[in-house]
Amino acid sequence: QVQLVESGGGLVQAGGSLRLSCAASGRTFSRYAMGWFRQAPGKEREFVAAISGSGTITYYGDSVKGRFTISRDNTKNTAYLQINSLKPEDTAVYYCAADSSLGTLIAGTTADYWGQGTQVTVSS
């Protein structure tokens, strides 16, 4: 069982930056690929980024390439999402997820574990 807790969301002006964190419980963190998703009001959940268990492979959704960076620190059981050049359309609840398969996260349909989400609001 893995529990995920996101933090770092908030209200920020367009052009600003945020770093989201996802703290995971358990001693098998490095066995899981980690991903970030987001869901804006009235929209479907969108894949944002994913990273392999070792951290050597990363993958991004087209809408965030070049602005978002996913990383992880396996010594701290934590995954991160650095968000730069924020736009109002980035406003959403951001969720982290863990799965034994990086491909499953990239497919964006399901995951073994989900966090509760953290709100990111970007003002224009």
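See the structure shown above.
Residues numbered from 1 in each chain as written. Predicted model: local features only at pLDDT ≥ 70, side-chain atom pairs only at ≥ 80, totals over all residues. Heavy atoms only, no water.

Caption draft 1: Expanded view of the pairing of strand E11 (residues 118-123). Of the two faces of E11, the one holding Thr118, Val120 and Val122 is buried and the one holding Gln119, Thr121 and Ser123 is not buried anywhere. Here strand E2 (residues 10-13) runs beside E11; their pairing, made up of 4 bridges, is parallel. Considered in E11, the bridge of glycine 10 is made with valine 120. With 3 bridges connecting them, strand E9 (residues 92-99) and E11 associate as antiparallel partners. Residue valine 93 lies in a different strand from E11, and its bridge partner there is glutamine 119. (Buried < 20%, exposed > 50% of the residue type's maximum accessible area, 1.4 Å probe, protein only. Helix = DSSP H or I, 4+ residues; strand = E, 2+ residues; numbered from the N terminus. Pairing = 2+ DSSP bridges.)

Caption draft 2: Summary view of the sheet that holds strand E7 (residues 68-73). Pairing is antiparallel in the open sheet, where 4 strands are placed in the order E1-E3-E8-E7. In the strand order of this sheet, the two ends are held by strand E1 (4-7) and E7, each with one partner. In this sheet, neighbouring strand axes are inclined to one another by 15 degrees on average, regardless of whether the strands run parallel or antiparallel. (Axes fitted to C-alpha atoms, helices over the stretch in contact; angles between N-to-C directions.)

Caption draft 3: Representation of the nonpolar core within the structure. Ranked by size, the top nonpolar core spans 30 residues in total, and within it Leu4, Met34, Trp36, Val48, Leu81 and Tyr94 carry the most contacts. Those elements giving two or more residues to this core turn out to be strand E3 (18-24), strand E4 (33-39), strand E5 (46-51), E7, strand E8 (78-83), E9 and E11. With residues near it in sequence (within four places) discarded, tyrosine 94 still touches Glu6, Leu20, Trp36, Phe37, Arg38, Val48, Phe68, Leu81, Ile83, Gly117, Thr118 and Val120. Counting residues in hydrophobic clusters, the runner-up holds 8 residues, among them Ala33, Ala50, Leu102 and Ala111. (Core = buried A, V, L, I, M, F, W, Y, C linked by side-chain atoms within 4.5 Å. Contact = heavy atoms within 4.5 Å.)

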